[in-house]
There are 2 protein chains.
Amino acid sequence: MKIGQLAQQTGTPVDTIRYYEREGLLPRAARTEGNYRIYDAVHLERLAFIRRCRSLDMTQDEIRVLLRFRDTPSESCEDVNALLDAHIGHVAERIRELQQLEKQLQTLRECCQEGRQAAECGILNELSHGGAELTTPAASESHLAATHAGGRQHVPPRQGGGA
Amino acid sequence: MKIGQLAQQTGTPVDTIRYYEREGLLPRAARTEGNYRIYDAVHLERLAFIRRCRSLDMTQDEIRVLLRFRDTPSESCEDVNALLDAHIGHVAERIRELQQLEKQLQTLRECCQEGRQAAECGILNELSHGGAELTTPAASESHLAATHAGGRQHVPPRQGGGA
DNA sequence: CTTGACTCTGGAGTTACTACAGGGTTTTCA
DNA sequence: TGAAAACCCTGTAGTAACTCCAGAGTCAAG
């Protein structure tokens, strides 16, 4: 099949497939005479695997490790467990951070009643002079990301996945 | 004061201060004869404001809006409230997403007992053929970011903030 | 044989910075 | 006084994981 079909069957944008190839997550595809990439079931499997990992918020590096395990099935899967445990740890930590953050934001929100002038807005004042509760950085030392997305994720929710 | 002092007093890397100037969050600093930037209390105030907002995980765009409110204090602060409410919404949503994700990861983790070979590793199998619970994308449609950081945040925890 | 759908490559843009290289300036202190 | 150390400058490139675009080629249908 061609790249468009693979894209549809896995719900992956075409650009992303080419990007994965550049990054080495997918092997270089064979080409037709007209220089079109052609894929088979093995590629589809592998891409689906990658996309499932990404939907679980794993990094490319984590996925690379898992793919290596998949490719060399003789080794023990202890390391797979370790990787997953670490990843679960990251997620749990990020949740804790965000919950703290939410509390801080709600505290801040209560500083301001409706209908005032910005000059006396409790929120702006609080942000300006800085209460003690607000000094803990959100994403501080950890390797965890911010609340907002950079270059949109896409990963669409089950579009044309079936046939 | 010079940029290094401002950096120390706000716990902001020097590069970041220059970056904020480029981005227009901070006004262009006046210069000495030797072309060094010089800052006063107003700059310090503004930078501290920005850093506090960032520690609350706000985007530059959100901060820009807040700064505009700060600069034109005659307007009502309803919009400040709205912005904050929206931001709290983002954080809450991200928390929900991550909690779902955590559950999925734990389910996945239980697929594999220690000491097996990777060939029959339950986790790899599950990721390969894809159980129904694993199909919901993590960061799907929302404008929210992933679990791992891209270009490290830094925002160090209270280094030399006092004097 | 033309239209339209599909594909190709290469490069730039996204967030919020960080990390240089290759210079200039100021301070220190012997 | 002179040199080294510490500081500052600009500009560029890199980070994660893509997305989007231009400009061109290929293919199927009518």
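Let us look at the structure shown here. Treat the numbers as computed from the prediction; the structure is a model and nothing was measured.

Here we take up the pattern of salt bridges. Enumeration according to the criterion identifies 10 salt bridges over all chains in this entry. Residue Arg70 of chain A pairs with Glu45 of chain A through a salt bridge whose shortest N-O separation is 3.4 Å. Pair noted here: Arg70 of chain A is in helix α4 (residues 60–71) and Glu45 of chain A is in helix α3 (residues 41–55), with a separation of 25 residues, a long-range link. Where Asp15 of chain B meets Arg18 of chain B, a salt bridge forms, and the shortest distance between an N and an O atom there is 3.3 Å. On the criterion of helical spacing, the pair formed by Asp15 of chain B and Arg18 of chain B is a turn pair, its members being three residues apart in helix α2 (residues 14–23).

Turning our eyes to something else, we now look at the packing of helix α4 (residues 60–71) of chain B against helix α5 (residues 78–109) of chain B. All names here are of chain B. Between α4 and α5, whose axes approach to 10 Å, the crossing angle comes to 160°. Taken together, the axes of α4 and α5 are roughly antiparallel relative to one another. Seen from above, α4 lies across α5 with left-handed handedness. Mapping the contact onto sequence places Glu62, Val65, Leu66 and Phe69 in α4 and Asp79, Val80, Leu83, His87 and His90 in α5.

Take the packing of aromatic side chains next. Residues and elements named next belong to chain A. Scanning all chains against the criterion turns up two aromatic pairs over all chains. Ring geometry for Tyr19 versus Tyr20: centroids 5.9 Å apart, planes at 45°, classification tilted. The class for Tyr20 is buried, based on a relative accessible area of 4%. Taking the ring centre of Phe49 as reference, the NZ or CZ of Arg70 above it sits at 4.6 Å.

What counts, and at which threshold
- Residues numbered from 1 in each chain as written.
- Chains lettered and ligands numbered in written order.
- Predicted model: local features only at pLDDT ≥ 70, side-chain atom pairs only at ≥ 80, totals over all residues.
- Heavy atoms only, no water.
- Salt bridge = Lys/Arg side-chain N within 4 Å of Asp/Glu carboxyl O.
- Helix = DSSP H or I, 4+ residues; strand = E, 2+ residues; numbered from the N terminus.
- Axes fitted to C-alpha atoms, helices over the stretch in contact; angles between N-to-C directions.
- Parallel < 35°, antiparallel > 145°, perpendicular 65-115°, else oblique.
- Left-handed = near helix turned anticlockwise from the far one by under 90°.
- Contact = heavy atoms within 4.5 Å.
- Phe/Tyr/Trp six-rings, centres within 6.5 Å; stacked < 30°, edge-to-face > 60°.
- Buried < 20%, exposed > 50% of the residue type's maximum accessible area, 1.4 Å probe, protein only.
- Lys NZ or Arg CZ within 6 Å of the ring centre and 35° of its normal.

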